[in-house]
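Survey of secondary and tertiary structure
Below are the chains, spelled out letter by letter.
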Amino acid sequence: MFTSDREKNCIFCKLIAAGDSEFLYEDNEYVAMRDINPQAPVHLLVMPKKHISGLNDAVGAVTGPAMDLIRQLAVDMGISESGYRVIVNCNEDGGQTVGHLHFHLLGGRRMKWPPG
Ligand code: 5GP
Ligand code: ZN
């Protein structure tokens, strides 16, 4: 199933391969799960199943459908109208800690700007 050491060592690839029952959403291409360390009442991680290291390696064919899915999840979570924030942390200065492309969907509280 795994095609490289990078994927073998990736915690998100492991969760996806295990078919985590905690997934809020799953289709052939994407999964969504709650963040293990939530920073807001709603904090989901939306990601492609395919291992892509980060935003620098992502093409529009991946990010476009992810955004469509995120919009729908915001509706499903009841935060579409109150508002929400979508974040992609990229590489070290961006604060990325897991090297598998993922989108944070945060809502359920008033966000601050600028982010830290
Ligand atoms: P990053 O810092 O790379 O943008 O975001 C990684 C996120 O993954 C963090 O918010 C962290 O709490 C979350 N996370 C790390 N390990 C796990 C895990 O095993 N399960 C879940 N659901 N979230 C995780
Ligand atoms: Zn991965």
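Refer to the structure printed above.
Residues numbered from 1 in each chain as written. Chains lettered and ligands numbered in written order. Predicted model: local features only at pLDDT ≥ 70, side-chain atom pairs only at ≥ 80, totals over all residues. Heavy atoms only, no water.

Side-chain pairs of opposite charge can arise whenever the charged atoms involved come near each other. Applying the stated criterion across every chain, the model contains 2 salt bridges. Between glutamate 26 and lysine 49 there is a salt bridge; the shortest N-O distance is 2.9 Å. With glutamate 26 in strand 1 (residues 25-26) and lysine 49 in the loop between strand 3 (42-48) and helix 3 (60-76), this residue pair connects regions lying 23 residues apart in the sequence. A relative accessible area of 43% means that glutamate 26 is categorised as partly exposed. The salt bridge partner of arginine 71 is aspartate 68, with a shortest N-O separation of 2.6 Å. Highlighted residues: arginine 71 and aspartate 68, both in helix 3, separated by 3 residues, approximately one helical turn. By relative accessible area, arginine 71 is classed as partly exposed at 46%. (Salt bridge = Lys/Arg side-chain N within 4 Å of Asp/Glu carboxyl O. Helix = DSSP H or I, 4+ residues; strand = E, 2+ residues; numbered from the N terminus. Buried < 20%, exposed > 50% of the residue type's maximum accessible area, 1.4 Å probe, protein only.)

Our next topic: the sheet that holds strand 3. Pairing within the open sheet is antiparallel, and its 5 strands lie in the order 1-2-3-5-4. Of all strands in the sheet, those bounded by a partner on one side alone are strand 1 and strand 4 (84-87). Where strand 1 and strand 2 (residues 30-34) come together, 2 bridges link them in antiparallel fashion. From the neighbouring strand, glutamate 26 faces strand 2, where its bridge partner is valine 31. (Pairing = 2+ DSSP bridges.)

Remember, this is a structural readout, not a statement about activity or role.
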